[in-house]
Amino acid sequence: MTLSPMTLWTDWGLQASLVLLWLGIVGGLSELARRRGYGAELTRKIVHIGAGQVILLAWWLQVPSWMGVTAAAVAAIVALVSYRLPILPGVNSVGRKSLGTFFYAVSIGVVMVWFWPRQLPYYGVIGILIMSWGDGLAALVGQRWGRHPYHVFDQQKSVEGSLSMAAVSFAIALLVLTAVQGPIWQTWTVSAIVAITATGLEAFSQWGIDNLTVPLGAAAVALYLNTLW
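To start, this report covers the structure provided alongside it. Note that the coordinates shown come from a computational prediction; the quantities given were computed from them, not determined experimentally. (Residues numbered from 1 in each chain as written. Predicted model: local features only at pLDDT ≥ 70, side-chain atom pairs only at ≥ 80, totals over all residues. Heavy atoms only, no water.)

Topic: the pattern of salt bridges
For side chains bearing opposite charge, pairing can occur when the charged atoms are close.
Here comes step 1: Tallied over the entire structure, the rule returns two salt bridges.
Here comes step 2: Where R35 meets E31, a salt bridge forms, and the shortest distance between an N and an O atom there is 2.8 Å. Remark: E31 and R35 occur in helix α1 (residues 5–35); sequence separation between them is four residues, near one turn of the helix.
Here comes step 3: Accessibility expressed as a relative area gives 69% for R35, which makes it exposed.
Here comes step 4: For K157, the salt bridge goes to E202, with nearest N and O atoms at 3.0 Å. You can see K157 sitting in strand β2 (residues 155–158) and its partner E202 sitting in helix α8 (residues 185–204), a full 45 residues away along the chain.
Here comes step 5: Looking at E202, the relative accessible area reads 7%, which means it is buried. (Salt bridge = Lys/Arg side-chain N within 4 Å of Asp/Glu carboxyl O. Helix = DSSP H or I, 4+ residues; strand = E, 2+ residues; numbered from the N terminus. Buried < 20%, exposed > 50% of the residue type's maximum accessible area, 1.4 Å probe, protein only.)

Here's the deal with the packing of aromatic side chains
Each aromatic ring pair is described using two quantities: the centre-to-centre distance and the angle formed by the ring planes.
Here comes step 1: For the structure shown, the criterion picks out seven aromatic pairs.
Here comes step 2: Centroid distance F115 to Y123: 5.9 Å. Interplanar angle 40°. Geometry classified as tilted.
Here comes step 3: The exposure class of F115 is buried, given its relative accessible area of 0%.
Here comes step 4: Taking the relative accessible area as the measure of exposure, Y123 reaches 5% and is therefore buried.
Here comes step 5: Note on F170 and W188: the rings are 6.2 Å apart at their centroids and 50° apart in plane angle, and the pair reads as tilted. Residue F170 is located in helix α7 (residues 159–181), and its partner W188 is located in helix α8; the two are separated by 18 residues in the primary sequence.
Here comes step 6: For F170, a relative accessible area of 27% gives the class partly exposed.
Here comes step 7: Look at W188 and you get partly exposed, because its relative accessible area is 45%.
Here comes step 8: An aromatic cluster of at least three residues, connected via ring pairs, comprises W59, W114, F115, Y122 and Y123. (Phe/Tyr/Trp six-rings, centres within 6.5 Å; stacked < 30°, edge-to-face > 60°.)

Now the structure itself:
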């Protein structure tokens, strides 16, 4: 059955509205936390974790790749402008050296170009969710409970934060792959290797580029190993 142009536009409009509604909720929660005096790191992580869930909406709603890429491109441009102008106070500070927000948007665009046309969206979902939940919680755990610091280049990490990153990454990969292919041995093995890869990329990446290397690296490893096995 061929959908009429009006039906297509209605579907696309509904998809875009649901995604924007979710992003509005996330932005509102971040702004509420900021106004209530919570630290800048928490408000950033609310956005970091919350915004990443749009990939689940894109998978569930079967958002076309062109729409995701367009939205990601707009978000990337806004992120670059925000480093000079205070248009995203809950996410960036003016003059902040990290390009993490920009790479965040780029990573979503890349996975939608890479996996959506191939009918393999779940690999992109694994990468983005590991980046949003794993990296976000690792930073919060490391700051709150990190008692065993270590240094990579000029960055200070903590064993507790890295272990949190590994555990969350493993859980995400396991849940998604189990939903797609069942709890077979490949699911458990691939999830473990993906978790190790993501944790290493998060530890060694600098200047916010982990928002690109972590999701793309995790997705690539999951795809390669599942194809190999």
